[in-house]
Amino acid sequence: MTRTRRRRALLLGLIALLPGCGALMPREATVDRRLAALPVAGVPVSAPVEIRWNDHMVPWITAQSDEDLAVALGLVHGHLRGAQVMLLRLVSQGRLSEVAGPLASDVDHALRILGFGRAAPEVIAAWPEETRRFVDGFLRGLNHALLNGPRPPEAGLMGLRAEPFTAEDLLAVGRLAGTDINWLGFISLLPQRGSPDFPELWARTREAGGGGGPGGAAPGRQAGLLREILQGTSRAGSNTVAVGAARSASGGAMIANDPHLGLNMPNLWLAVGMRSPSFHAVGLMVPGLPFLGVGRNPDIAWGGTNLRAASSDLFDVGALPEGAFRTETVRIRQRFWFPTTREVRVTPLGPVMTDAALVPAAPGTPPLALRWVGHTPTDEITALLGAARARDGEAFRAAFAGFGVSAQTMVWAGRDGRVGRFIAATLPDRPDIPDADFVLDARDAARTGAWERLRDARTLPAEVDPAGGAIASANNRPRWAERPGVPPAGFFFSDDDRVLRLEALLAATPRHTPGTLAAVQRDIRSPRAAEIAAGIGARLAALPGGHPSPAVAQALAGWQGDYDPSSRAPLAFEALLRHLVPALVPESRRDATGNPRGAESQWNFMTTFLLRDLDALPEPRRAEVLRRAATAAEADLARFADWGEAHRLRAAHWLVNLPLLGRFFVYGDWPAGGSRETPMKTSHGLLGDAARPATFGSMARHVSDMADPDANWFTLWGGQDGWLGSAAFMDQVPLWRDGRSIRLPLRAETVAAEFPRVTRLAPGAAAAR
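In this convention, every chain numbers its residues from 1, walking through the sequence in written order. Residues qualify for local features only when their pLDDT is at least 70, as the model is predicted, and side-chain atom pairs are given and counted only at 80 or more; totals for whole chains, interfaces and linings, by contrast, use all residues. Only hydrogens and water are removed before side-chain values are computed, so all heavy atoms of the structure are retained for them.

Colleague: Hey, could you run me through the overall build of the protein in this one?
Modeller: The numbering of helices and of strands both runs from the N terminus, where a helix is a DSSP run of H or I of at least 4 residues and a strand a run of E of at least 2. Of the regular secondary structure elements, the protein holds 26 helices and 29 strands. With the radius of gyration taken over C-alpha atoms, the globule rule is written as 2.2 Å times the number of residues to the power 0.38. On C-alpha atoms alone, the protein measures out to a radius of gyration of 26 Å, which is about the 27 Å that the 2.2 N^0.38 rule sets for 769 residues. C-alpha atoms of the protein, sized along the principal axes, occupy 85 × 65 × 55 Å. It only takes one pair of heavy atoms within 4.5 Å for two residues to be counted as in contact. By sequence separation, contacts in the protein at least 24 residues apart represent 74% of the contacts at least 6 residues apart. Each accessible area value is a Shrake-Rupley result obtained with a 1.4 Å probe; residue values ignore everything except the protein chains displayed when judging cover. For the protein, the exposed area adds up to about 27100 Å²; of that, 53% sits on carbon and sulfur atoms. Between the mean site of the 84 positive side-chain charges and the mean site of the 78 negative ones, the protein shows a separation of 4 Å. In this tally, Lys and Arg are treated as positive and Asp and Glu as negative; His is ignored, and so are the chain termini. A charge is said to be at NZ when it belongs to Lys, at CZ for Arg, at CG for Asp and at CD for Glu.

So this is what it looks like as structure tokens:
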């Protein structure tokens, strides 16, 4: 950054401080005080509505109509997560510069090109009437809270303005949550296209099944922010396991689900309970969206894992005639600065993604257009509203007709004791995944024509009661769904390490309880890490003169792959990886620091190629690489006491990303167990000289036992309330770290006992408390 730009950033930061003191030094607010601030007067309900609250500010809403339920849900979202919802709208519309100033203009241009709201008019026009009424009710409640409630503390700092939400806004936020994780893979690989070793890199990417990592983007803070947005909001990971009645100690089917997203606060989920004529459920909602993404009703419980399906294609549109390009001029307002304009080019195959400065491409790359399912009028809201009312697995799957993004492997457990899974997605009917390149030719009728034949949950694979009576899903390649006549699911998947560990844990217990499933969620073992560590250790021990580092050898002796924060073994293993992985990547694929530029530091690549690449080196070079890595790893072992000292779990607000002021929004820091692909995921890159926080991983937990309507437990990393200073802002952190949860029952008498605080909404009047 130049001196002038640094001075500008400092000036903008100082100016922002003036209205932002409430965020930097928030006043403490008890649960009762926060509930007293709920703007209940004049809430647009047609009949009395009761909202009961527990000590963690989880609401349980009872309404006499579905529409009034929607109003109350919107009110709750706006009150608990108002600033978060406003920010999500700005992100989804490419309006971050309105709060961050010129430093976000390139991010906004990239987001405008991606066009999260592009399909909204068609989606709204096709909504069934019941969906339209529910969304309208939700928006009325949300807007009542945003326009009549107290201003969030961070609103002054960020310059957030309370504007009425529209259906178009809501759908853009929904599409943002449906971001295609494959875009990160495209961005990672694009700079390598055209290089002599690209064919080898693409072949290795295909073999490893990985490539959706953060590497390869343009350097700088804005590029990092764009990566964090795409990864942190894309529902890119999750675990879900389910066991049928025969594998359950209670005799009822069970399910456990833990979504993986960005770890900053407020959490990207919100826990609720609800009852109306059509709905009776508990679960998790995305702030600002009117449906349950994870949950349970009396008859079925569900959770999903990102399929990482190929919901997008990149097309080379350089040969299209000039008339095929439509240019839109967009105006970007910039806080503390003048507005700027940018151009967005759109073709029949989608917007030109490579026009974004933050999407780097090799020199001479023609314009590449993004064809994405999210630009078609799929209807996730209707699907998920229907799913919450399903009474069995078949009805649950049928509700996902027309569901598009983000593609999920949906897993369910029924009151009838069965369990099942299916592909919930809309996918082009592709003949195959290209062998030579991931960029397709716009003139290839077979490739473009596949997008005229879209398939959804009705014709994509499903499975009920598989052999063994248990299901595990972890963003892995869905081999169970691969069969003739089914289009290939995608390019990039998580390594099988996590799903194999989940399957082993399920098999180890003949009859599961909610407690054993909760323990599965907190497991921190990576069997493949142990295998690779043993392989490296054997090669080090075989060197002339023996192992170069007795300290590393001793730390790894007998290690089973447990990423225990108090252990030195995972630290020794990660220290070896830190020095081995870059040494095995050609210089042409390294960045200025010597680390892999693209996805080759991902776990998929390590598990597939690390030992193979070591063995392929000439003997003198292999011995040199191993000796240097062991010696450097020993220095890392001396720098940190154990894995938890190097790998941290940080409690921080999303404002931690602000230049200059970010340190004010870190509230806690603890040793973190787990790793990239352990069931309790706490993702990280290669080890560094200083401790680093996990930024992506497990951040919500859900367990349900279908034998008991009240047997539903949820926990968030953080808390329910997004209000800075609230007692419920991060009150669930101790629960999370201790493996405890909050019960969300379905029986009315249990709700009354465990949710003692009551807010009553009345039509046309102030509410009673």
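Colleague: Would you take a moment to explain the pairing of strand E6 (residues 280-285) for this structure?
Modeller: For a regular strand, the rule is simple: side chains alternate between the two faces of the sheet. Only protein chains enter the accessibility calculation, which uses a 1.4 Å probe; a residue is then buried when its area is under 20% of its type maximum, exposed when over 50%, and partly exposed in between. Most of E6 is tucked away: six of the six residues are buried. Summarising the sheet, strand E5 (residues 270-275) and E6 pair through six bridges and their orientation is antiparallel. For Met274, the partnering residue across the bridge sits in E6 and is Ala281. Strand pairing is assigned whenever DSSP identifies at least 2 bridges connecting the two strands. Between E5 and the antiparallel strand that follows it, E6, lie four residues. As paired elements, E6 and strand E7 (residues 292-296) share four bridges and run antiparallel to each other. Counted as the bridge partner of Met285 is Leu292 from E7.

Colleague: When you look at the sheet that holds strand E19 (residues 462-464) in this model, what are you seeing that I'm missing?
Modeller: Backbone-to-backbone hydrogen bonds join strands into a sheet, with any given pair of strands oriented parallel or antiparallel. Reading across from one edge, E19-E15-E14-E8-E7-E6-E5-E2-E1-E29 is the order of the 10 strands in this open sheet, with mixed pairing throughout. Looking at which strands have only one partner, the edges of the open sheet turn out to be E19 and strand E29 (757-761). With strand direction ignored, the average angle separating the axes of adjacent strands in the sheet is 25 degrees. Here strand E1 (residues 49-53) pairs with E29 via five bridges, running antiparallel. In this description, a line fitted to the C-alpha atoms serves as the axis of each element, helices being fitted only across the stretch in contact, and the angle between N-to-C directions of two axes falls anywhere from 0 to 180 degrees.

Colleague: Which parts of the structure should I look at to understand the pattern of salt bridges?
Modeller: Side chains carrying opposite charge are able to pair once their charged atoms draw close together. One speaks of a salt bridge when a side-chain nitrogen belonging to Lys or Arg is within 4 Å of a carboxyl oxygen belonging to Asp or Glu. Following the criterion strictly, the structure yields 56 salt bridges and no others. Taking the shortest distance from any N to any O, the salt bridge between Arg161 and Glu98 comes out at 3.7 Å. Taken together, the residues Arg161 in the loop between helix H9 (153-158) and helix H10 (167-177) and Glu98 in helix H5 (residues 97-100) connect sequence positions 63 residues apart. Residue classification places Arg161 among the partly exposed residues on the basis of a relative accessible area of 46%. The network of salt bridges with common partners includes Arg95, Glu98, Arg161, Glu163 and Arg333.

Colleague: Before we go on, may I ask you to explain the packing of aromatic side chains in this structure?
Modeller: Put simply, two rings from Phe, Tyr or Trp (the six-membered ring, in Trp's case) pair if the centres are within 6.5 Å, and we call them stacked under 30 degrees between planes, edge-to-face over 60, tilted for the rest. Per the stated rule, a full pass over the model turns up 24 aromatic pairs. For the ring pair Phe396 and Phe422, a centre distance of 5.8 Å and an interplane angle of 70 degrees mean the geometry is edge-to-face. With Phe396 in helix H15 (residues 393-399) and Phe422 in strand E15 (residues 419-424), the pair connects residues that are 26 residues apart, well separated along the chain. Classification of Phe396 by relative accessible area gives buried; the value is 0%. Residues Trp670 and Trp717 carry aromatic rings whose centres are separated by 6.1 Å and whose planes lie at 85 degrees to one another, so their mutual orientation is edge-to-face. Here Trp717 lies in the loop between strand E27 (712-716) and helix H25 (733-738) and Trp670 lies in strand E22 (residues 666-671), a separation of 47 residues in the sequence. You can call Trp717 buried: its relative accessible area is 1%. Of the aromatic side chains, those joined through ring pairs into one cluster are Phe186, Phe198, Trp202, Phe438, Phe491 and Phe492. Ring-over charges, as used throughout, are those where CZ of Arg or NZ of Lys falls within 6 Å of the ring centre and within 35 degrees of the ring normal. It is Arg663 that lies over the ring of Phe664; its NZ or CZ is 4.5 Å from the centre. Over the ring of Trp736 we find Arg701, and its NZ or CZ is 3.6 Å from the ring centre.

Colleague: How do you make sense of the nonpolar core when you look at a structure like this?
Modeller: One broad trend across soluble globular proteins is that nonpolar side chains are buried collectively. For the purposes of this section, nonpolar cores are sets of buried Ala, Val, Leu, Ile, Met, Phe, Trp, Tyr and Cys residues that join through side-chain atoms within 4.5 Å. Ranked by internal contacts, the top residues of the largest apolar core, which has 167 residues, are Phe396 and Phe400. A total of 15 residues in this core trace back to one element, the largest contributor, which is helix H4 (residues 66-92). Once you skip the residues sitting within four places of it in the chain, Phe396 turns out to touch Ile300, Trp302, Ala387, Ala390, Met410, Trp412 and Phe422. Core analysis: the second largest hydrophobic core is formed by 37 residues, Leu540, Phe640, Trp643 and Ala646 among them.

Colleague: Can you walk me through the environment of Ala208 in this structure?
Modeller: Summarising the element assignment, Ala208 is placed in helix H12 (residues 198-208). In this structure Ala208 comes out as buried when scored by relative accessible area, which is 11%. Residues Ala208 and Asn604, 396 residues apart in the sequence, show an inter-C-alpha distance of 5.4 Å. Residues contacting Ala208, with those up to four places away along its chain left out, are Asn604, Phe605, Thr608 and Phe609.

Colleague: How should I be thinking about the sheet that holds strand E24 (residues 692-693) in this particular structure?
Modeller: Sheet architecture is open: three strands sit in the order E22-E21-E24, paired in mixed fashion. Either end of the sheet is taken by a strand with one partner, and the two such strands are E22 and E24. Note: strand E21 (residues 647-652) against E22, five bridges, orientation antiparallel. Bridged to Leu649 within E22 is Trp670.

Colleague: Explain helix H11 (residues 182-189) to me, please; I cannot follow it from the model alone.
Modeller: The periodicity of an α-helix, 3.6 residues per turn, causes residues three or four positions apart to be oriented the same way. Among the eight residues in H11, eight count as buried, and that is most of the element. Within H11, the full set of buried residues consists of Asn182, Trp183, Leu184, Gly185, Phe186, Ile187, Ser188 and Leu189.

Colleague: What's the story with helix H23 (residues 619-639) in this structure? I'm lost.
Modeller: To estimate the expected span of a helix, count its residues, drop one, and scale the result by 1.5 Å. If you check H23, its first and last C-alpha atoms are 31 Å apart, about what 21 residues at 1.5 Å a residue would give, namely 30 Å. For H23, every residue scored as buried is listed here: Arg622, Ala623, Val625, Leu626, Ala629, Ala630, Ala633, Asp636 and Leu637. Buried residues along H23 cover an arc of 160 degrees about the axis, so they all sit on one side. For H23, the exposed residues lying more than 90 degrees away from the buried face are Pro620, Arg628, Thr631 and Ala638. Arc definition: it is the arc formed by the directions from the helix axis to the C-beta atoms.

Colleague: Any chance you could explain the packing of H4 against helix H8 (residues 129-148) here in plain terms?
Modeller: The relative placement of two packed helices comes down to the angle between their axes together with the axis-to-axis distance. Running from N to C, H4 and H8 point in directions that differ by 45 degrees, and their axes come no closer than 6 Å. Classified by the angle their axes make, H4 and H8 are oblique. Judged by the sense of rotation from one axis to the other, the crossing of H4 with H8 is right-handed. Along the lines of polarity and charge, the residues of the contact of H4 with H8 split into 12 nonpolar, eight polar and four charged. Any angle from 65 to 115 degrees is called roughly perpendicular, while one under 35 is roughly parallel, one over 145 is roughly antiparallel, and all others are oblique. Whether a crossing is left-handed or right-handed is set by the direction in which the near helix is turned from the far one by less than a right angle, anticlockwise for left-handed and clockwise for right-handed. For this scheme, ten residues count as nonpolar: Ala, Val, Leu, Ile, Met, Phe, Trp, Tyr, Cys and Pro. Four count as charged, namely Asp, Glu, Lys and Arg, and the remainder, Gly too, count as polar.

Colleague: Honestly, the confidence of the model for the protein in this entry has me stumped. Any pointers?
Modeller: It should be kept in mind that the predicted coordinates are not to be read in detail where pLDDT is low. Here pLDDT means the predictor's own confidence in every residue, given as a number from 0 to 100. With 93% of its residues at a pLDDT of 70 or more, the protein has an overall mean of 93. Mean pLDDT across the elements of the protein bottoms out in helix H1 (residues 3-17) (50) and peaks in strand E2 (residues 59-62) (99).

Colleague: Where do I start with the side chain of Ser526 in this structure?
Modeller: If you trace the backbone, Ser526 turns up in the loop between helix H18 (514-521) and helix H19 (527-541). A relative accessible area of 3% places Ser526 in the buried class. One polar contact links Ser526 to Asp497, side chain to side chain, over a distance of 2.4 Å. Every residue in contact with Ser526, bar those within four places of it in the chain, is listed here: Asp497, Gln560, Gly561, Tyr563, Trp603 and Thr678. As used in this structure description, the phrase polar contact means that two N or O atoms lie within 3.5 Å; if the pair is within protein, one of them must be able to donate a hydrogen and the other to accept it, and residues adjacent in sequence are counted only when both atoms belong to side chains.

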